[in-house]
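# Structure assessment
Take a look at the letters that make up each chain.
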Amino acid sequence: HAKACLLNQYFAQHYEGKLLLRFDDTNPSKEKDEFVENILQDLKSLGIEADQTSYTSDHFPQLLDLAEKMIKKGFLYADDTPVEKMREERMEGINSVRRDRSVEENLKIFKEMQDGTEEGQKHCIRVKLDMQNLNKALRDPVCFRCNLTPHHRTGTTYKVYPTYDFACPFVDSFEGVTHALRTNEYKDREDQFQWILKLQREVLPKLPKVNIWEFSRLNMVNTVMSKRKLQWFVDTGKVSSWTDPRFPTVQGLLRRGLTVPALRDFILQQGASKNTTNQSWDKIWTLNKKLVDPVCARHTAVISEKMVPVELVNGPAEPQVETVLRHKKNPATGKKSMTKLNRILIDYADAKVLSKGEEVTFMSWGNCFIEDIKVNGAGEITGLVGKLNPGGDFKTTKLKLTWLADIQDNVNVRLVYYDHLITKKKIEEGDNFEDLVNTKSKVETMAIADGNCRNLQKSEIIQFERKGYFIVDEPYMKESKPIVLNYIPDGRTKGK
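Residues numbered from 1 in each chain as written. Predicted model: local features only at pLDDT ≥ 70, side-chain atom pairs only at ≥ 80, totals over all residues. Heavy atoms only, no water.

### Concerning the nonpolar core
Just so we agree on the cut-off: Nonpolar cores are built from buried Ala, Val, Leu, Ile, Met, Phe, Trp, Tyr and Cys residues. Side-chain atoms within 4.5 Å join them into one set. For each residue, the accessible area found with a 1.4 Å probe, counting protein chains only, is set against the maximum for its type, and the residue is called buried under 20%, exposed over 50%, and partly exposed in between. Numbering of helices and strands starts at the N terminus; helices are DSSP runs of H or I of at least 4 residues and strands are runs of E of at least 2. Residue contacts are defined here by distance: any two heavy atoms, one from each residue, within 4.5 Å place the two residues in contact.
In this structure, Leu 46, Leu 258, Leu 263, Trp 281 and Ile 284 are the most contacted members of the largest nonpolar core, which totals 35 residues. If you list the elements that add at least two residues to this core, you get helix H1 (2–14), strand E1 (20–23), helix H2 (33–45), helix H10 (250–256), helix H11 (260–270), helix H12 (281–292) and strand E25 (468–474). Setting aside residues no more than four positions away along its own chain, Leu 258 makes contact with Leu 253, Leu 263, Ile 284, Trp 285 and Asn 288. Formed by 30 residues, the second largest nonpolar core is a distinct cluster that contains Leu 63, Phe 110, Leu 129 and Val 171.

Given below as structure tokens:
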């Protein structure tokens, strides 16, 4: 849907047209206000503003009037064939026994349907197209059904509702849509759209024609796009909600750290091509990195588990606080404080690769000789002793290490690494997606970060140096609750 929205916006702006947003609310059993609110939130997040917003339900009176006129013309008929039998007849191209009912009888039943009577509820209204057509979408599709569920906008005003297939051609034409963009998975329904609109125009000659412009749907590797399958992940508790960062929803992707400009660039690079392909996530994350890297602030984090203290024999005995740029190449990101002390903390993974006597560089400070490596009985490193080398050249060292002064000002953070929900790149016909679920698609790591991180805002993107890009999911609230940051893939390295 994001692809459709962004393409529609692009073409409307490029050709100086209007962008129309319409909510298809023809099925009261499926429509809810929360769906509308979420879609509006997504559009706002994407920076999409429609020139006109409407609901199909705005046109219910005209659609009912249109149906009556079409029944009088002999274009529609009432049918009470059982659902399974109707499905079989459509598959085999067999006319319904109700197909040649009289106009009077059809009008009478349509009135019963509108009143929601017992007899009316047994029927649907079908469009008389071509039951022998090879395109089965043209085999007399249903165009009105009874439904006594209260509608989220019209309440109990109506007992009968148009199908999307019948309403869409009329409302598109009535609202002045010149070009309707549709994914080519609905190719068979394009002819149906035009056939139904042709009949509607015979009754209402002033209705203009509508051009359908096809494009391929967006498929991503290791991803399910089907609402039904995504709902399964929510219902079974495999994800937290529809905004889970592993979901291919707008709100999910934004929580993962995808920026709207990157998404827009990716979509427009695909264009309105009709070729259906499975796109790699690496492409979109590479675009994203190019946009965030020049503007996101740099901070430091050290993994809490087994972090190693380093005693600097000639380091400052009291904390020395310096004010430095949050991004050395971008002053617009602001400034932060950096504390130097004779006791610092580094990652255990870094400590493991150090050798006694080796000269290393502590980033944003300077070079240091490792004078001693302390280990316990299990062979685990428990501490290091180093001596700063103020005149050392960072170009001569192999290892550049991140560090934090061992002070109370450091803040606890939870780093969350998300991976694909599905282990297979492309789900084939016959695959049971439930068997392909990645059971390790979320990994959490505790760390400490520089105290400046208390000022980070929700959804702010930063880089923890040598650890990658992260987006703030839950900002600082209190000391007992860690800041939560989601890892942002960069197109090169795979998130844990």
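### Overview of the pattern of salt bridges
How we decide: Whenever Lys or Arg places a side-chain nitrogen within 4 Å of a carboxyl oxygen from Asp or Glu, that contact is recorded as a salt bridge.
Counted according to the given criterion, the structure contains 35 salt bridges. When the shortest N-O distance is used, the salt bridge between Glu 190 and Lys 187 registers 3.9 Å. Of this pair, Glu 190 and Lys 187 both sit in helix H8 (residues 187–203), three residues apart, which is roughly one turn of that helix. A salt bridge links Asp 244 to Arg 246, with the shortest nitrogen-to-oxygen separation between them at 2.9 Å. One exposure class covers both Asp 244 and Arg 246, and it is buried. Overlapping salt bridges, with partners in common, bring together Arg 22, Asp 172 and Glu 175 in one network.

### Examining H8
As a reminder of what qualifies: Any helix carries an expected span of 1.5 Å times its number of residues minus one.
In this model H8 runs 26 Å from its N-terminal to its C-terminal C-alpha over 17 residues, within 8% of the 24 Å that 1.5 Å per residue would give. When we look at burial in H8, the residues that qualify are Glu 190, Gln 192, Phe 193, Ile 196, Leu 197, Leu 199, Gln 200 and Val 203. On its buried face, H8 is in contact with helix H3 (60–72), strand E4 (124–127), helix H7 (164–174), strand E7 (179–183) and strand E8 (211–215).

### A short note on unusual backbone geometry
Of note in this structure, Asn 222 is not a glycine but carries a positive phi near 55°. Relative to the assigned elements, Asn 222 resides in the loop between strand E9 (219–220) and helix H9 (227–235). Exposure remark for Asn 222: the relative accessible area of 10% places this residue in the buried category. Positioned with a positive phi, Ser 364 is a non-glycine residue whose angle comes to about 65°. In this fold, Ser 364 is placed in the loop between strand E17 (359–362) and strand E18 (366–375). Classification of Ser 364 by relative accessible area gives partly exposed; the value is 36%.

### Focus: the pairing of E8
Operational definition: Only strands joined by at least two bridges in the DSSP assignment are considered to pair. Here a crossover is taken to be right-handed if, once the strands point away from the viewer, the path from the first strand over the helix to the second is traced clockwise.
Pairing of E7 with E8 involves five bridges; the strand directions are parallel. Among the inter-strand pairings, Ala 180 is bridged to a residue of E8, identified as Ile 212. For the crossover from E7 across H8 to E8, the handedness is right-handed.

### Looking at the state of the cysteines
To keep it simple, the criterion reads: Put simply, a disulfide is two cysteine sulfurs that come within 2.5 Å.
If you walk through the whole model with that rule in mind, you get zero disulfides. The closest cysteine sulfur to the non-disulfide-bonded Cys 124 is located on Cys 143, 7.9 Å from its own sulfur. Left unpaired, Cys 168 is separated from the closest cysteine sulfur, that of Cys 143, by 14 Å. Cys 168 sits in the buried class, given a relative accessible area of 7%.

### Quick look at the sheet that holds E18
Taken in spatial order, the seven strands make up an open sheet running E20-E17-E18-E19-E13-E16-E21, and their pairing is mixed. Unpaired on one side and paired on the other, strand E20 (400–401) and strand E21 (404–405) mark the two borders of the sheet. Looking at chain direction, E17 and E20 are connected through two bridges and run parallel. Residue pairing in the sheet places Thr 361 in a bridge with Lys 400 of E20.

### A short note on the sheet that holds E25
Cut-off, in case you're wondering: The axes used here are C-alpha line fits, helices contributing only the stretch in contact, and every angle between their N-to-C directions lies in the interval 0 to 180 degrees.
As summarised here, the arrangement of the seven strands in space is E11-E24-E25-E26-E22-E23-E12, forming an open sheet in which the pairing is mixed. Each edge of the open sheet is held by one strand with a lone partner, namely strand E11 (297–299) and strand E12 (301–303). Taken over all neighbouring pairs, the strand axes of this sheet differ in orientation by 40° on average, direction set aside.

### Focus on the packing of H3 against H7
The criterion, for reference: Orientation categories follow fixed angle ranges, with anything under 35 degrees roughly parallel, anything over 145 roughly antiparallel, 65 to 115 roughly perpendicular, and all other angles oblique. The crossing is said to be left-handed when, going from far helix to near helix, the turn is anticlockwise and less than a right angle, and right-handed when the turn is clockwise.
Taken N-terminus to C-terminus, the directions of H3 and H7 make an angle of 110°; their axes are 11 Å apart at the nearest point. If you check the angle between H3 and H7, you find them roughly perpendicular. H7 is crossed by H3, and the crossing has right-handed handedness. Every residue of H7 that contacts H3 at Gln 62, Leu 63, Leu 66 and Met 70 is listed here: Phe 166, Ala 167, Phe 170, Val 171 and Phe 174.

### Quick notes on the environment of Asp 172
Considering the arrangement of structural elements, one finds Asp 172 in helix H7. When its relative accessible area of 7% is taken as the criterion, Asp 172 is described as buried. Setting aside residues up to four positions removed in sequence, Asp 172 forms contacts with Arg 22, Val 177, Ala 180, Phe 193 and Val 210.

### Some points on the environment of Asn 147
As a reminder of what qualifies: Any pair of N or O atoms that falls within 3.5 Å is considered a polar contact. Within protein, one atom must be able to donate a hydrogen and the other to accept it, and sequence-neighbouring residues count only if both atoms are side-chain atoms.
Along the chain, Asn 147 falls in the loop between strand E5 (142–146) and strand E6 (160–162). When residues no more than four places from it in sequence are discounted, the contact partners of Asn 147 are Asn 27, Pro 28, Ser 29, Tyr 158, Lys 159 and Tyr 161. Reaching out from Asn 147, the side chain makes a polar contact with the side chain of Thr 149 at a distance of 2.8 Å.

### Examining the packing of H11 against H12
Formally: Only Asp, Glu, Lys and Arg are considered charged in this grouping, and only Ala, Val, Leu, Ile, Met, Phe, Trp, Tyr, Cys and Pro are considered nonpolar; every other residue, Gly among them, is considered polar.
One way to put it is that H11 packs onto H12 with a least axis distance of 9 Å and a crossing angle of 135°. In terms of axis orientation, H11 runs oblique to H12. The two elements H11 and H12 meet at a crossing, and its hand is right-handed. Contacts from Pro 261, Ala 262, Leu 263, Asp 265, Phe 266 and Gln 269 of H11 reach H12 at Lys 283, Ile 284, Leu 287, Asn 288 and Leu 291. The residue inventory of the contact of H11 with H12, partitioned by class, reads seven nonpolar, two polar and two charged.

### Topic: the packing of aromatic side chains
Our working definition: Two rings belonging to Phe, Tyr or Trp (six-membered ring only in the last case) form a pair when the distance between their centres is within 6.5 Å. Interplanar angles under 30 degrees mark stacking, angles over 60 mark edge-to-face geometry, and anything in between is tilted.
A complete count under the given rule lists 19 aromatic pairs for this structure. On the numbers, 5.5 Å between centres and 70° between planes, the contact of Phe 60 with Tyr 161 is edge-to-face. You can see Phe 60 sitting in helix H3 and its partner Tyr 161 sitting in strand E6, a full 101 residues away along the chain. Taken individually, Phe 60 and Tyr 161 each receive the classification buried, so the pair is uniform in this respect. Pairing Phe 470 with Tyr 487 gives two aromatic rings, centres 5.5 Å apart and planes at 70°, and the pair type is edge-to-face. Of this pair, Phe 470 sits in strand E25 while Tyr 487 sits in strand E26 (residues 483–488), placing them 17 residues apart in sequence.

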